[in-house]
Amino acid sequence: MKIGMVSLGCDKNRVDSEKVLFSLTSHGHTIVQDAKEADIILINTCSFIESAKKESIDTILEYSEIKRDFNKKLVVLGCMPERYESELKEAIPEVDRFVRIKDYKDIAKIISGFENGTAENIKAPCLSGRVLTTPPHYAYLKIADGCNNNCAYCAIPFIRGSYKSQDLDSLLSEARALKEENGVKELILVAQDTTRYGSDIYGSYKLTELLKRLLDLDFYKIRLMYCYPELVSKELLSIVEKESGMAKYLDIPLQHISNSVLKRMNRRSSGNEVRELIGEIKARKNIALRSGFITGFPQETESEFEELKEFIESGSIDYAGFFAYSREEGTTAFSMKPQISKRTATARATALSKIQSTNIVKNHQKYAGEIQSVIYEGIDYSKKLFFGRNQFNAPEIDTKVFFKANFPLEIGEVYPVKIDKADFNLYGEVIR
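Values in this document were obtained by computation on a predicted structure and should not be read as measured data.

A. Broad picture of the overall build of the chain. In terms of regular secondary structure, the chain is built from 13 helices and 18 strands. A compact globule built from 432 residues should have a C-alpha radius of gyration of about 22 Å, and the chain, at 22 Å, falls within 12% of that. For the chain, the spread of C-alpha atoms along the three principal axes comes to 60 × 60 × 50 Å. Within the chain, buried positions represent 56% of all 432 residues.

Structure, rendered in structure tokens:
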């Protein structure tokens, strides 16, 4: 059968989608880009926060119309069915099947059931490979699922369950296949908490061991995302700083800087400990720091917000995302009082975003005149320039490098670019 798929939410969800697609192609189905050409449309949903839930519902309704007009089957996967299956069945009867996360292993049987009316002859699942949905030069490696941190605002533990590491040997095999079979140059490690890797199955933290083994595979760069601050060790910082195969980049979700807010959030690091960690990172050689922050958390006072604002104004964070608090049922924070209005929370997030944009322009000035290695990713026709990323930028969430070249380029290749202009993005020209 012909399969069309929409994957929403985070890069961890994307990895799940890629494995589902691999299972289906391994059982003889084909993938199509246009939903109107598909026999079955799959939608992998996200329900982490209110905006993600709205996007998921809107997408389901949009493809329900295509199902109706073109006689398709519609299957909804992932976090939304995991969290709201009974409500969705009643509210959106147009969906032919809801598939929870634990049932991904049965996806080939489910889909073939639409074709034959029975799934009895379908053998064991095949989820060990990937159909990459990223450009072929980079891919995400999901090293664990679930979370044990139990932050007061977060619904992940009761959507995804407790923390579950993938064993080291299988990760190495998956990474090797991504490099040798798909040509991946940049490997991006993701999990709800990458720094906790291995603690559940090996009895101790194994992220640094995993990195050392992955470095032996000789990727162009390995990038680390979602490192929790309390587990960022000196050994980890040394690996990022000194190993040429590591992107000089750390994504550490900090969420706030006020001690009182962090305590209400059930975070394990205080504001002082966060500042000490940032000082340790900045003392290292040229490591870019990305983070995320929540505004309008219950009971957040003006003075607590001002402390966060002053922290952002200090310019110690290179790249950041700011999110208005989303009240999620089932979380500890749901019943906290007083709740901050959405309008106030959004206004605070917007104010911090503007400050951070100014910081980025200031921070980028240090790159003017440098020659940077840039992985080429496409053409911006409005600017009439090529674009790509240096090692200080992650895909889709950070800034870009725009550049000229007077000879043909190949997407996914790395070129030396001399930076001659630095503002919110960097601008330059390829040198031979």
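B. Fine view of the pairing of strand β9 (residues 186-190). Of all five residues making up β9, five are buried, and the element is well covered by its neighbours. Residues E186, I188 and V190 of β9 are buried on one face, and the alternating residues L187 and L189, pointing to the opposite face, are buried as well. Pairing analysis gives five bridges linking strand β6 (residues 138-142) to β9, with the strands arranged parallel. By the bridge assignment for β9, K142 is matched with V190. Bridging between β9 and strand β10 (residues 221-224) involves four bridges; their strand directions are parallel.

C. Geometry of the nonpolar core. Counting residues in hydrophobic clusters, the biggest one holds 53 residues, and the most contacted among them are I143, L189, L214 and L224. Not counting chain neighbours up to four residues away, the residues in contact with L224 comprise L189, T194, L207, L211, L236, V240, M246, Y249, L250 and D251. Y140, A288, Y319 and I419 belong to the second-largest nonpolar core, a separate cluster that totals 28 residues.

D. Region of the structure containing the pairing of strand β17 (residues 414-422). Here strand β14 (residues 371-380) runs beside β17; their pairing, made up of five bridges, is antiparallel. Paired with Q372 across the bridge in β17 is V417. Alignment of β17 against strand β18 (residues 426-430), held across five bridges, turns out to be antiparallel. When the sheet's bridge partners are listed, V417 is paired in β18 with V430.

E. Representation of helix α11 (residues 271-283). For α11, which comprises 13 residues, the first-to-last C-alpha distance of 18 Å matches the rise-based estimate of 18 Å (1.5 Å per residue) to within 8%. Buried within α11 are the following residues: G271, V274, L277, I278 and I281. Projected onto a plane normal to the axis of α11, the buried residues spread over an arc of 120° and lie on a single side. Residues of α11 that are exposed and point more than 90 degrees away from the buried face comprise E276 and A283. Along its buried surface, α11 packs onto α9 (234-242), β11 (246-251), α10 (259-264), β12 (288-295) and α12 (302-313).

F. The confidence of the model for the chain, seen in detail. Put simply, the chain has an average pLDDT of 93, and 97% of its residues get 70 or more. The least confident element of the chain is helix α4 (residues 107-116), whose mean pLDDT is 81; the most confident is β10, at 98.

G. View of the packing of helix α2 (residues 50-70) against helix α3 (residues 79-91). Contact geometry for α2 and α3: axes closest at 13 Å, N-to-C directions at 60°. As summarised for this structure, α2 and α3 are arranged oblique, according to the angle between their axes. The handedness of the crossing between α2 and α3 comes out as right-handed. Along its contact with α2, which presents K53, S56 and I57, the element α3 presents M80, R83, Y84 and L88. A class-by-class count of the residues in the contact of α2 with α3 yields four nonpolar, one polar and two charged.

H. Quick look at the side chain of R160. For R160, the position within the fold is in helix α5 (residues 156-160). Among the polar contacts listed, one links the side chain of R160 to the side chain of D16, at a separation of 2.9 Å. The residues touching R160, leaving out its near neighbours within four places in the chain, are N13, D16, C79, I101, K142, D145 and G146.

I. Spotlight on the packing of helix α6 (residues 168-182) against helix α8 (residues 207-215). Running from N to C, α6 and α8 cross one another at 30°; their axes reach a closest spacing of 10 Å. Every pair of crossing elements has a handedness; the one defined by α6 and α8 is right-handed. Contact residues: α6 offers L168, D169, L171, L172 and A175, while α8 offers E209, L210, R213 and L214.

J. Region of interest: the sheet that holds strand β1 (residues 2-7). Strand order across the open sheet formed by five strands is β2-β1-β3-β4-β5, with parallel pairing between neighbours. Across the chains shown, the open sheet's two edge strands, defined by having one partner strand only, are β2 (30-31) and β5 (97-99). In terms of strand pairing, β1 meets strand β3 (residues 40-45) through five bridges, oriented parallel. Opposite G4, over in β3, you have I41 as the bridge partner.

K. Broad picture of the side chain of D16. Secondary-structure assignment places D16 in helix α1 (residues 11-26). The contacts of D16, once residues within four sequence positions are left out, are N44, Y104, K142 and R160.

L. Broad picture of the sheet that holds strand β16 (residues 401-404). Judged by pairing direction, the barrel is mixed, and its five strands sit side by side in the order β14-β15-β16-β18-β17 before closing back on the first. Strand-to-strand twist of the sheet, defined as the mean angle between neighbouring strand axes without regard to direction, takes the value 55°.

What counts and what doesn't
Along each chain, numbering runs from 1 in the same order as the chain's sequence is written. Restriction of local features to residues with pLDDT of at least 70 applies here, the model being predicted, together with a cutoff of 80 or more for giving and counting side-chain atom pairs; totals for whole chains, interfaces and linings are based on all residues. Only hydrogens and water are set aside; all other atoms, that is, all heavy atoms of the structure, feed into the side-chain values. By the criteria applied, helices consist of DSSP H or I runs no shorter than four residues and strands consist of E runs no shorter than two, each listed in order from the N terminus. In this description the radius of gyration comes from C-alpha coordinates, and the expected globular size is given by 2.2 Å times residues to the power 0.38. Only protein chains enter the accessibility calculation, which uses a 1.4 Å probe; a residue is then buried when its area is under 20% of its type maximum, exposed when over 50%, and partly exposed in between. Strands were regarded as paired on the criterion that DSSP finds at least two bridges between them. We define the nonpolar core as a collection of buried residues of types Ala, Val, Leu, Ile, Met, Phe, Trp, Tyr and Cys that are connected through side-chain atoms lying within 4.5 Å of one another. Two residues form a contact once any of their heavy atoms are found within 4.5 Å. An expected span of 1.5 Å times one less than the residue number is assigned to each helix. Arc definition: it is the arc formed by the directions from the helix axis to the C-beta atoms. Confidence scores labelled pLDDT are given residue by residue by the predictor and lie between 0 and 100. Note on geometry: axes are C-alpha line fits, over the in-contact stretch for helices, and angles between N-to-C directions span 0 to 180 degrees. Just so you know how the angles are binned, under 35 degrees is roughly parallel, over 145 roughly antiparallel, 65 to 115 roughly perpendicular, and the rest oblique. Note on convention: near helix rotated counterclockwise from far helix by under a right angle means a left-handed crossing. Clockwise means right-handed. In the scheme used here, Gly and all other residues not listed as nonpolar or charged are polar, with Ala, Val, Leu, Ile, Met, Phe, Trp, Tyr, Cys and Pro taken as nonpolar and Asp, Glu, Lys and Arg as charged. Side-chain atoms alone can form a polar contact between residues adjacent in sequence; in general such a contact is a pair of N or O atoms within 3.5 Å, and within protein one must be able to donate a hydrogen while the other accepts it.

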